[in-house]
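# Observations on chain architecture
Here is what each chain is made of, one letter per residue.
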Amino acid sequence: MSRWLAEALAVAAKDLRAEFRTRVALNSLALFALTTLAAVSYTIGPYRLAEEDRPFLLSVLLWIVIFFAALAGLDRSFVKEEESHTAPLLRLAAAPTVVWAGKLLYNLVLIFVLMAMLAPLFCVLMGFEIAMPWRFVAVLAVGGYALAVITTIVAAIIAQALTRGALFSVLSLPLLLPLLIIVIEGTTAVATGDLASYTQSLRAIVAMAGAMTIVSAFLFPIVWRD
Amino acid sequence: MFLSSIQKRVLNHEIPATDNMYPVPRGIFPPVSGGISISFSDVAKRYDLRVVFRSVSGEALPGEALVITGPNGSGKSTLLAILCGLLRPTKGDVRYLRQDGDDLPRDEWGRHIGVVAPSMAVYEELTALENLRFYARVRGLSIEEAEHRALLERVGLDPDRVTPVRGYSTGMAQRLKIAQALLHSPSVLFFDEASSNLDPSGQDWLEEQVRSLIDEGRTVVLATNDRREMTWGSRNVTLVG
Amino acid sequence: MNRVGLALKWFLFVWMMIVIWAAFMWIPSAQGFKGESSRIVFFHVPTAWVATLAFLVSCIASALYLWRREPKYDFGAAVSNGLGLLYAVLATVTGAIFAKIMWGAYWNWDPRQTSITILLLIYAAYFALRSAVADPEKRATLSAVYSILAFVTVPFLMFIVPRIYFSLHPDVITNADPDNSLDPAHLKVLLASLAGFTGLSVWLYSVGTRIEEIRHRRRQEVL
């Protein structure tokens, strides 16, 4: 078991090291997020929205930025392997679940770094007041995890196709929409301080994350090794 | 997999200094298992309406080299990929057999294979040493730093070089690919146009390497159109294309 | 073409003719619906039902393909998805027309409309994926995997989304009390229509898979 983990960490470490040297995915994510945030902040700002609409609308805006930033950068983990032709040697060297776990870990790091940068900035620029800040972090964490799990398996699928860029968004969106609906609900709840709604949403996100993790772990070897 | 004491001794052995940049080759690691033979029958590959090849059969035995030849575009690299287990044939069978006659399941083939091919690259953003470290770790092998460095020296690369592989010449990159293929002491080796990008003395060195791999009882498969490489093999499969 | 198949086809034709006649001529307009708009129910509900059924069939076929690797399961999945797409579009359009007549707006994102939209997106994504992969086996494998992924997210849609949003949708199916929704005559025609549309889709499915089988055989001959 620990050997499997060590191998998965090797994959994640390799991806992070390579990413750190070229910074392509990080740039895509950050650039997209910051540009969108700037646009939203400039046009809407902290004053334009009516008080009662703020929790919901600001949740929507935050998650839309996160989701679309993710769609801009999270496919890179697999697409780059195929485009640089490094995938075949990886297929021979590593067990499929090791590759899946390693890439998932890499995507998780990217998403969490993005959120850590974006969420505070968003709250400050948009005047987003959160009644339950720690629970807000929980929603971000679990929602971000679910987002990473789904985008990882979809990235693995599209990496083997011909027209990769648009296809990643097209395939991810139907699978992400239910998640989006629920995380928005959860974030609205933490902003207004509605504990019951928060608990219900968190449960749903955890269930979705759990289901997608198990299904991805099963299906990934089929996608990767054919 | 772990290196035996014999292997460790071989690696720590001092190479006598010579003027020749490329050390006289000798066996690097003894093969791990008792030898694996590959047999393939009636293998065909089709992509939608394009047929790559129709029916190819042959076998590669331990201690021998199988040479796959054919005109450009005849599917040598495709056949190689199928024999590695990276591609599924449209029809036909590929089997890996141990010495005791047992079939090796397809998910285990990768452990016993080393491949050098133009379509399979190593990581450009990493250095040579980082590449080897990664491939060792991801295979679950604990190989010491000194062994990696020795392997790099054997293939004629400087282990202390800090530039990423992106800055390497094609010949140097080819040598790293060969190092990566030998890293885990595989019983089966695939060489797809391996002499390409190597200068003449590098080609001599490669020939010595391949011959010693054969002598050690490993199974070698060469896909090539190079007349010289073709002489290294004892069996032949020709693709019509 | 065998005798039984031919007889069944003609039977289906006659059945559907009767259903259409009944929906427009025999049944009087229902209470509580504006104008003649209640008649659309006889077509809207079955198409929505078939769209969901087709999705289920396609997921089962996908799972079978991944297990058995026989091309016929891939054909089943692809044809079923195609039918599902067609019926989902029909359901969406008929639903939107009904919504316009009853509540003045074509679209208001109530849970059913949201769910059918996501189903449509899944179908569209499935075909986008299929068209982007050249190798037939790879294409079959990847689209089968995607089908199953989509299938896993559907329960979350069905059970979670309705609780979050208020629905304008008349609770004809979920409401078990028949007195509340349709009178016996309406129910009869609805069930007949349901059966007819199911029969129609079964027939289309068998034609579609037969075509794929022939195409596949032709390709194998090239080898």
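Residues numbered from 1 in each chain as written. Chains lettered and ligands numbered in written order. Predicted model: local features only at pLDDT ≥ 70, side-chain atom pairs only at ≥ 80, totals over all residues.

The next thing to look at is the overall build of chain C. Across its full length, chain C holds seven helices and zero strands. Its helices and strands taken in sequence order, chain C reads α-α-α-α-α-α-α from the N to the C terminus. Buried residues in chain C amount to 32% of all 223 residues. Within chain C, residue pairs in contact and separated by at least 24 positions form 75% of the contacts whose partners lie at least 6 positions apart. (Helix = DSSP H or I, 4+ residues; strand = E, 2+ residues; numbered from the N terminus. Buried ≥ 20, exposed ≤ 12 C-beta atoms within 10 Å, placed from the backbone. Contact = placed C-beta atoms within 7 Å.)

Let us now look at the overall build of chain A. Per the secondary structure count, chain A includes nine helices and zero strands. The C-alpha radius of gyration of chain A comes to 18 Å, within 12% of the 17 Å expected for a compact globule of 226 residues. When the backbone C-alpha atoms are referred to their principal axes, chain A occupies close to 55 × 35 × 30 Å. Put simply, chain A has 226 residues, and 53% of those count as buried. (Rg over C-alpha atoms; globule rule 2.2 N^0.38 Å.)

Contact with chain C, which involves 25 residues of that partner, is made by 26 residues of chain A. When contributions to the side of chain C that touches chain A are tallied by element, the ones reaching two or more residues are α4 (111-131) and α5 (136-164) of chain C. Looking at the side of chain C that touches chain A, the element that brings in the most residues is α5(C), giving 15 residues. Among the residues making up the side of chain C that touches chain A, the classes are represented as 22 nonpolar, two polar and one charged. (Nonpolar A, V, L, I, M, F, W, Y, C, P; charged D, E, K, R; others polar.)

The next thing to look at is the interface of chain B and chain C. At the junction of the two partners, chain B supplies nine residues and chain C supplies seven residues. When contributions to the side of chain B that touches chain C are tallied by element, the ones reaching two or more residues are β1 (36-47) and β2 (50-60) of chain B. A per-element tally of the side of chain B that touches chain C places β1(B) first, with three residues. Of the residues belonging to the side of chain B that touches chain C, the class tally is four nonpolar, one polar and four charged.

This next bit is on the confidence of the model for chain C. Scored by pLDDT, chain C has a mean of 82; 85% of the residues are at 70 or more. Interface confidence for the predicted complex, given as ipTM, is 0.91, next to a pTM of 0.86. (pLDDT = per-residue confidence, 0-100.)

Residue and element names in this part refer to chain B. Positive phi values are uncommon outside glycine, yet Asp42 reaches one of about 55°. One non-glycine residue with positive phi stands out, namely Ser185, at about 55°. Topologically, Ser185 is positioned in the loop between α5 (170-182) and β6 (188-192).

This part covers the sheet that holds strand β4 (residues 91-98) of chain B. Note on sheets: strands pair through backbone hydrogen bonds, and any given pair is parallel or antiparallel. All names here are of chain B. The three strands lie next to each other as β2-β1-β4, forming an open sheet whose pairing is antiparallel. If you trace the sheet from one side to the other, it starts and ends with β2 and β4, each paired once. Strand-to-strand twist of the sheet, defined as the mean angle between neighbouring strand axes without regard to direction, takes the value 15°. Across the sheet, helix α2 (residues 76-84) touches β1, β2 and β4, and the angle it forms with β1 is around 125°. (Pairing = 2+ DSSP bridges. Axes fitted to C-alpha atoms, helices over the stretch in contact; angles between N-to-C directions.)

Residues and elements named next belong to chain B. Strands sit in the order β5-β6-β7-β3-β8 across an open sheet of five strands; the sheet is parallel. Either end of the sheet is taken by a strand with one partner, and the two such strands are β5 (113-116) and β8 (235-238). Here the average twist between neighbouring strands, direction ignored, is 15°. Across four bridges, strand β3 (residues 65-69) lies against strand β7 (residues 219-223) in parallel orientation. For Leu66, the partnering residue across the bridge sits in β7 and is Val221.

What follows deals with the environment of Leu176(A). All names here are of chain A. Note on placement: Leu176 falls in helix α8 (residues 164-192). Taking the number of C-beta atoms within 10 Å as the measure of exposure, Leu176 has 21 and is therefore buried. Sequence spacing of Leu176 and Thr151 is 25 residues, and the spatial spacing of their C-alpha atoms is 8.6 Å. If near-sequence neighbours (up to four positions away) are discounted, Leu176 is found in contact with Phe67, Leu147 and Ile150.

Another point: α4(C). With 21 residues, α4(C) ought to run about 30 Å at 1.5 Å a step, and its terminal C-alpha atoms sit 30 Å apart, in line with that. For α4(C), the full list of buried residues reads Pro111(C), Gln113(C), Thr114(C), Ile118(C), Leu119(C), Ile122(C), Tyr123(C), Ala125(C), Tyr126(C) and Leu129(C). (Expected span 1.5 Å × (residues − 1).)

All names here are of chain A. Viewed as axis vectors pointing N to C, helix α3 (residues 54-73) and helix α6 (residues 96-126) meet at an angle of 150°, and their least axial separation amounts to 11 Å. With respect to each other, α3 and α6 are oriented roughly antiparallel. When the axes of α3 and α6 are compared, the crossing they make is right-handed. Across the interface between the two elements, Leu58, Leu62, Val65, Ile66, Ala69, Ala70 and Gly73 from α3 touch Leu110, Ile111, Leu114, Met115, Leu118, Phe122 and Met126 from α6. Residue composition of the contact of α3 with α6, grouped by class: 13 nonpolar, one polar and no charged. (Parallel < 35°, antiparallel > 145°, perpendicular 65-115°, else oblique. Left-handed = near helix turned anticlockwise from the far one by under 90°.)

What follows is about the packing of α6(A) against helix α7 (residues 133-158) of chain A. All names here are of chain A. Orientation of α6 relative to α7, taken along the N-to-C sense of each, is 140°, at an axis distance of 9 Å. On the basis of the axis angle, α6 is oblique to α7. Our pair here, α6 against α7, has a crossing hand that is right-handed. In this structure, α6 uses Lys103, Leu104, Asn107, Leu108, Ile111, Phe112, Met115 and Ala119 to contact α7, whose residues at the interface are Leu140, Gly144, Tyr145, Leu147, Ala148, Val149, Thr151 and Thr152. A per-class count over the contact of α6 with α7 returns eleven nonpolar, four polar and one charged.

Attention shifts here to helix α1 (residues 2-22) of chain A. Its 21 residues place the ends of α1(A) 30 Å apart at the C-alpha level, agreeing with the 30 Å of an ideal helix rising 1.5 Å per residue. Along α1(A), the residues that are buried comprise Glu7(A), Ala8(A), Ala10(A), Val11(A), Ala12(A), Lys14(A), Asp15(A), Ala18(A) and Glu19(A). On its buried side, α1(A) packs onto α2 (24-43), α4 (76-83) and α6 of chain A together with α3 (128-138) of chain B. Phi turns positive, to about 60°, at Arg23(A), one or two residues after α1(A).

The next thing to look at is the environment of Gly35(B). Residue placement: Gly35(B) occurs in the loop between α1 (5-12) and β1. On a C-alpha basis, the gap between Gly35(B) and Pro186(B) in space is 9.7 Å, while along the polypeptide they are 151 residues apart.

Right, let's get into the environment of Leu162(A). In this structure, Leu162(A) sits in the loop between α7 and α8. Discounting chain neighbours no more than four positions away, the residues touching Leu162(A) are Ala132(C) and Ala134(C).

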